[in-house]
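Structural overview for review
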Amino acid sequence: MALILIVDDQNTNRQIYAQIARRIEAEIEVVTCSGPIEALSWLAQNSPDLILTDFSMPGMQGDDFVGQIRSDRRLADVPVIVITVFEDRRLRLRALDAGATDLLISPVDHREFIARARNLLKMHRQSKVLSNRANSLLESLKKSESILAWTQRESESRLVNVINTLPVMVSATDLDGCYLFMNVNQANYLGLKVEQVVGRHRAEIFGSQVAERYDSIDQLVIASNHGIRSFEEEIVGADGNKRIFLTNKSPLVEGENVIGVVTSSQDITDRKAAETHLHHLAHHDTLTGLANRALLRDRVEREIGRCRRGDGRFALHLIDLDGFKQVNDVHGHATGDELLARVAEGLRIVAGKEDLVARLGGDEFAILQSNITSESQVEDMCKAAMEIMPGAIAGVQLSTPVTASVGISVHPEDGNSYEHLMRNADLAMYRTKAASGNGFSFFVSNMDARAREERRLDATLREALESNRFELLYQRQVDIKTGAIVGCEALLRMREADGTLVAPSEFLARAERNGMIMPINEWVIREACRQGARWREMGLPEFSVGVNLSPVQFQRQSVPLLVARILSETGLPAHLLDLELTESIVLHDRKQVALQLQQLRDLGVKISIDDFGTGCSSLSYVKHFPVDRLKIDQSFVHDLLENPSDAAIVRATINLGHSLGFEVIAEGVETEEVLRHLELEHCDKAQGYYFGKPQSAEKLQLAIQAQMPTKLVSLG
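Here's a quick rundown of the structure.

What counts as what
Residues numbered from 1 in each chain as written. Predicted model: local features only at pLDDT ≥ 70, side-chain atom pairs only at ≥ 80, totals over all residues. Heavy atoms only, no water. Buried < 20%, exposed > 50% of the residue type's maximum accessible area, 1.4 Å probe, protein only. Helix = DSSP H or I, 4+ residues; strand = E, 2+ residues; numbered from the N terminus. Arc of directions from axis to C-beta. Contact = heavy atoms within 4.5 Å. Axes fitted to C-alpha atoms, helices over the stretch in contact; angles between N-to-C directions. Parallel < 35°, antiparallel > 145°, perpendicular 65-115°, else oblique. Nonpolar A, V, L, I, M, F, W, Y, C, P; charged D, E, K, R; others polar. Pairing = 2+ DSSP bridges. Salt bridge = Lys/Arg side-chain N within 4 Å of Asp/Glu carboxyl O.

1. Things to note about helix 2 (residues 36–43)
Within helix 2, burial applies to Pro36, Ala39, Leu40, Trp42 and Leu43. Taken down its axis, helix 2 places every buried residue within 160 degrees of arc, on the same side. Seen from the open side of helix 2, the exposed residues pointing more than 90 degrees away from its buried face are Ile37 and Ser41. Of the surrounding elements, those touching the buried residues of helix 2 are strand 1 (2–7), strand 2 (28–33), strand 3 (50–54) and helix 3 (62–70).

2. Considering the packing of helix 13 (residues 324–331) against helix 14 (residues 333–350)
One way to put it is that helix 13 packs onto helix 14 with a least axis distance of 7 Å and a crossing angle of 140 degrees. Considered as vectors, helix 13 and helix 14 are oriented oblique to each other. Contacts between helix 13 and helix 14 involve Phe324, Val327, Asn328 and His331 on the former and, on the latter, His333, Thr335, Gly336, Leu339 and Leu340. A breakdown of the residues in the contact of helix 13 with helix 14 according to their chemical character gives four nonpolar, five polar and no charged.

3. Structural notes on the sheet that holds strand 1
One open sheet accounts for five strands, arranged 2-1-3-4-5; its pairing is parallel. Whereas interior strands pair on both sides, the edge strands pair on one side only; in this sheet they are strand 2 and strand 5 (102–105). For this sheet the average axis-to-axis angle between neighbouring strands, irrespective of direction, equals 20 degrees. Each of strand 1, strand 2, strand 3 and strand 4 (80–84) touches helix 1 (residues 11–21); the most contacted strand, strand 2, lies at about 165 degrees to it.

4. Let's talk about the pattern of salt bridges
Summed over all chains, the structure comprises 44 salt bridges. Across the pair Arg297 and Glu301 runs a salt bridge whose closest N-O atoms are separated by 3.6 Å. Pair noted here: Arg297 and Glu301 are both in helix 12 (residues 293–310), with a separation of four residues, about one helical turn. Looking at Arg297, the relative accessible area reads 28%, which means it is partly exposed. Judged by its relative accessible area of 35%, Glu301 is partly exposed. Here Arg297 makes a salt bridge to Glu419, at a shortest N to O gap of 2.6 Å. Taken as a pair, Arg297 in helix 12 and Glu419 in helix 16 (residues 418–434) lie far apart in primary sequence, 122 residues in all. The structure contains a network of salt bridges with shared partners spanning Arg202, Asp215, Asp218 and Lys249.

Written out as structure tokens, the structure is:
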């Protein structure tokens, strides 16, 4: 079982990282600490297999914390991942200089976290195995030397018998390099008979070139009367194959005089192969065999140094596949993996001998194009990369065409560091995406201005979370037949430092991209449930509270676990919580979504499909999910009296929803005529400005009390 320590002063972060960590492999034990002091106290008695720590925490910075970990010999080789929200290269270098193994930028992508942590755990386990083997080797060498000293006082036959049992090649030479002894292990490897070796000079066995090297090393041992540091060497066996040995040389002493040198060599070929394999795994993608992000960074930094010396230029192409998620959804992950492998092979063919192709994760690739001399050379590379996108896999035509969106940054014009070049290539790639994909864009300066605005918005969102400047408004949901308020939808707003109220359209999209949507949505669910429980305690009639879920949140954390915890904390009955999901959530990894939805239904929570009809799904998909309600998008409701097509869509959605046992709610009702039409179509519920704009919890409470019988109101 692997033991992982998570250190973060934010309780929410600790919980999120712990949930992700438990998905790394089957048996994981997670320990969390709220700060470096608590962690160091725990580490004094424990040795984890992996440490995950935030950089900026009260009381001690991340580099000081990592430095104290590395000062403990027990923990010197434990991999440490440092997480920071800052994109300051100096902070990363401080963490690395202190001994950090890897870095992650917050908000952490859970798939990248899992992949890096899994590789580090594998490397740590292999390191333990190799360390144990090395210690065993050291003990055997010590034993062999001890035995040799003892056997020198014993008979020659006993000496031979003991040393011949060791799994080590052992020999002794005199001051001139002639063999005094060679054990059976070494003689067999060299294809010799032990009795043929004694008295012969090593040049007769290994040749003059190797003999000269050995003679010079032996003279150091003889002159110093001390053994030398072990060294690795290749020795050719009788079969002509080379194997790698760890060789140790010590003085052979008789009385107080050095009379020769004892050489012992341990076969470490398998260990070196394992180290080479681990090094490859650490720098290459397992699916495609391409370089990974770590190797790309190393090569880019080398290219920057080379170009600085030679005044050269190179280009960094960031390639994102358009339509890849649809291939996974429709054809399955096996086809998706085959597609990635095909793209990787095509990019290898496109790239030059001096170029590097890398897979950065998911459906994102990169090409480091060296020695560019013109913009047309870069454009040709982009076009060639776009042309290799396959239209069929294993003879099966893809239902969705896969194309490539490419962003390009050029050194030195667009940056003088790996981070700068990657960020600018990423900005250029998103510009291509925004223009419908299937093309390429060079980085231009106004992208940097947009990036600065995004960083400003990131800081505003973090400050709003820390300062509790998010608010909820509530829009009532009405039973069309009775006119009674039977529910509400919680709508998020953010208040700026100057008091301005900001609509979610201005910040939610960015929050989804930077990962902050997860703590924001967690706050929304908790606040809505807390308010719903308060209304219930006041004696108001039971009515549901609807909360929207983001696709990012649904994909990156266990929603059932989060909701169960919040319901327990707030005391709101599960059947009064209505989680509203867009169709894009339902279409992502349908098996996993269906499982989580069923777990939510098992809790008693209601599930609604929001904005129904605007996505690419249909009731043929939705009927396979545990859903309670469909919400007809307001774009169909608004013009249903003037547009026969909208009216037909509304009628069909209501009829089909009822046939599947779903309740149907119409959004965007603004006039009595539209309401009467929905009533004739037997729609169940409605919400919109006709009933009231989104309002505070207090105003909604008064509206509900106003429709209650006088006796009940007085009791409340």
